[in-house]
Amino acid sequence: MKISLLMNQKVTASHLKRQAYCYVRQSTLKQVFENTESTKRQYALRERAISLGWPIVQIVTIDSDLGETATSVADREGFQKLMTEVSLGRVGLVMGLEVSRLARNNADWARLLEICAITDTLILDEDGIYDPTDFNDRLLLNMKGTFSEVELHVLRSRLRGGALSKARRGEFKTRLPTGFVYDHNDKIIMDPDKQVQQSFRLFFDIFQRTGAAFATVKAFREDDVKFPCRIHCGPNKGGLQWRTLTYSRALVILKNPRYAGAYYYGRQRSRKNVDGSTTYYWVPQDEWIVLLKDVHPGYITWDQYEENLRRIRENAIAYNTIDRKTPPREGPCLLQGLAVCGKCGQRMTIRYKYQRTRPVDPVYLCQRNRIEKGENSCQYIPGAGIDEAISKLLIESVTPLTLEVALEVQQELEARINEADKLRKQQVERAEYDANLARRRFMQVDPENRLVADTLEAEWNEKLRALQDGKDYYEKHRRLESEKLKKEQQEEILKLARDFPKLWKNPRTPAREKKRMIRFLIEDVTMIRKEDITLHVRFKGGAKKTLKLPLPLKGSQYNVTDPEIVELVDDLLSDHNYSEIATILNARGYKSGMGLQFDRKVVAGITHSNNLKTRYTRLRNTGKLTVDEVAKLLGVSNQTVRRWGKKGIIKTYPYNDRNGCLYEHPGVNSPLMKKRT
Ligand SMILES: [Zn+2]
């Protein structure tokens, strides 16, 4: 909603009067046949133009290049037509997939964009709308071009884009959890095995009744009921296995929206590590790429599914005190998904502290242990100032010089990869030789000699397996190696260094783009909290940088307050009550741990959590009397004492803000005492 409003600001009546051109480009005939997906994405762009206000008759699709491998403009009629129309000022909008990528790497497109800027023509791709006359947009387009160039390489974005748009319609086939199968029309049905169905019905019934995954598992165990599991790979693929139900399996089932008949895509994200391995991590529901409800039969309803999740969460809270006030939410934090706990190595989650409804400072939490085992959370790091420090570091670090160094390291790593490749290849050759040898031995043995033949056959099989493993291993690493950066891409990255600080500092650059940029530059950030916060920043190129930040002042609710303030409060308590102390602290410019003003409650909190003597105790220790004591001493009523107190006849010492006060001893020679005698 917000985005479309923003987009509309760029579209003016003058744009809408002109044509909107959708440029469809598929370079090979093979793509035309196989890649209907990208065609669909391109036609989706037309829909966007309509929603922006272009009448359908004004939208022209150029797809005459379909099926032609075009190396230059000369043999691409369609592109030339587009160019001509734009330069004549007849076009208000040019649409295309990955326009930014093309603009960066293709001279024709770069020229087209220049002409677009002159003729005030807008650009639209899947990410948004750009005004080439606007400096920031032009910069953003270039930057996106560079990034997607790298992205294309590392993430094979186009392939994923195809899968994504298929997934958005719920058509991308994903592996089904046990309990469902695809029928011969690829429709999702309940597992035809009645026993499997019954097991799941029983499972959800018991959970409904007990409200706890652990109790459900226990029920299955006590009755010694095994739970079905479809095998997804290996020789018995598709077969059923009956296993003991485990706690983690129960949670997986309860959290899987498939059982409620929903289709999802992108519950997990992956990240490549420097050593070539991949790490997967879960994202919260509002960050899933696709969620379509009621697309196939389910064992439970969607409402039940959500209710189950709620119960699991509540149980987790019962285990420990998960702060209910700040549920994980999407926020502006730059390091989302990049923070790693320096104590245990797990990914850290981010919460936001809220001031009324505005998210303020992020808080980094390592709570894997809390969720999995019910232990205390491992680290809690207040994130105020971390984003700022990272921004500063990036602007300092992303210079042509440092990037060059990083790329050199990269090249060196690649050289090492090549050597490793040779070694691995030799390993495969050795395995091949062994396998051949085993085969020959088996062939030569007398078939009558069963015992020997069997042994040799087993040996041969063994060698074949080893060979296959070796080949798989080799292939896997070779694939990784082919992902290394090409020379041109390295140059692109160096160019990026020049524009980066400008774009980063521009307040109009959206946080989303910043987050995206940061992902191309930083591998992860390891955080350790001790007396201060230490950040180990690992850049993509392999460079490392350590930052130290002071811990921000903590509020009394975390039981630790800056000792300076505690001491001050201790001091002030001798002569002042809580409100007065709050006023004094505020006047001296101190801030509470939350960065807020002090008030009576905060000061009281500090007093109690640090076991400071209260004002009341202090006054009592110096011999001050209560109303009752004074009344008894003077032989008058409590009211009289209070009245004398108010009038100043007896000196009073307030100890709280509710008119509670203690009284000075009238003294033996006081006229009040004499009155009594
Ligand atoms: Zn941890």
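This is a predicted model, so every value here is computed, not measured. (Residues numbered from 1 in each chain as written. Predicted model: local features only at pLDDT ≥ 70, side-chain atom pairs only at ≥ 80, totals over all residues. Heavy atoms only, no water.)

Undergrad: So what's going on with the pairing of strand β4 (residues 122–125)? Which residues, and what values?
TA: On a regular strand, one side chain projects to one face of the sheet and the next to the other, so that they alternate. Alternating positions in β4 separate into two faces, Leu122 and Leu124 on one and Ile123 and Asp125 on the other, with burial throughout. Pairing analysis gives 3 bridges linking strand β3 (residues 91–96) to β4, with the strands arranged parallel. What sits directly across from valine 94, in β4, is isoleucine 123. Pairing analysis gives 3 bridges linking β4 to strand β5 (residues 128–130), with the strands arranged antiparallel. Bridge pairing in β5 places leucine 124 opposite isoleucine 129. The antiparallel pairing of β4 with β5 creates a hairpin that spans 2 residues between the two strands. (Buried < 20%, exposed > 50% of the residue type's maximum accessible area, 1.4 Å probe, protein only. Helix = DSSP H or I, 4+ residues; strand = E, 2+ residues; numbered from the N terminus. Pairing = 2+ DSSP bridges.)

Undergrad: With reference to specific residues and values, describe the packing of aromatic side chains.
TA: For the coordinates displayed, the defined rule picks out 15 aromatic pairs. With a centroid separation of 5.2 Å and an interplanar angle of 85 degrees, the aromatic rings of phenylalanine 203 and phenylalanine 204 are classed as edge-to-face. Each member of the pair, phenylalanine 203 together with phenylalanine 204, is buried. Ring geometry for tryptophan 302 and tyrosine 305: centres 4.8 Å apart, planes at 40 degrees, overall tilted. With tryptophan 302 and tyrosine 305 both in helix α13 (residues 302–319) and 3 residues apart, the pair spans about one turn of that helix. (Phe/Tyr/Trp six-rings, centres within 6.5 Å; stacked < 30°, edge-to-face > 60°.)

Undergrad: Account for the environment of arginine 347, naming residues and giving values.
TA: Summarising the element assignment, arginine 347 is placed in the loop between β14 (339–341) and β15 (349–355). Separated by 20 residues in sequence, arginine 347 and glutamine 367 place their C-alpha atoms 9.0 Å apart. Once residues within four sequence positions are removed from consideration, arginine 347 is found in contact with Arg271, Gly337, Leu338, Ala339, Val340 and Asp524. (Contact = heavy atoms within 4.5 Å.)

Undergrad: How would you sum up the pattern of salt bridges? Please name residues and give values.
TA: Counted by the stated rule, this structure contains 12 salt bridges. For lysine 10, the salt bridge is made with aspartate 137, and the minimal N-O distance between the two is 2.9 Å. Residue lysine 10 is located in helix α1 (residues 2–10), and its partner aspartate 137 is located in helix α8 (residues 135–155); the two are separated by 127 residues in the primary sequence. The exposure class assigned to aspartate 137 is buried, which follows from its relative accessible area of 4%. Residue arginine 310 is joined to glutamate 307 by a salt bridge in which the shortest nitrogen-to-oxygen separation is 2.8 Å. Within this pair, arginine 310 and its partner glutamate 307 are both found in helix α13, separated by 3 residues, close to a single helical turn. (Salt bridge = Lys/Arg side-chain N within 4 Å of Asp/Glu carboxyl O.)

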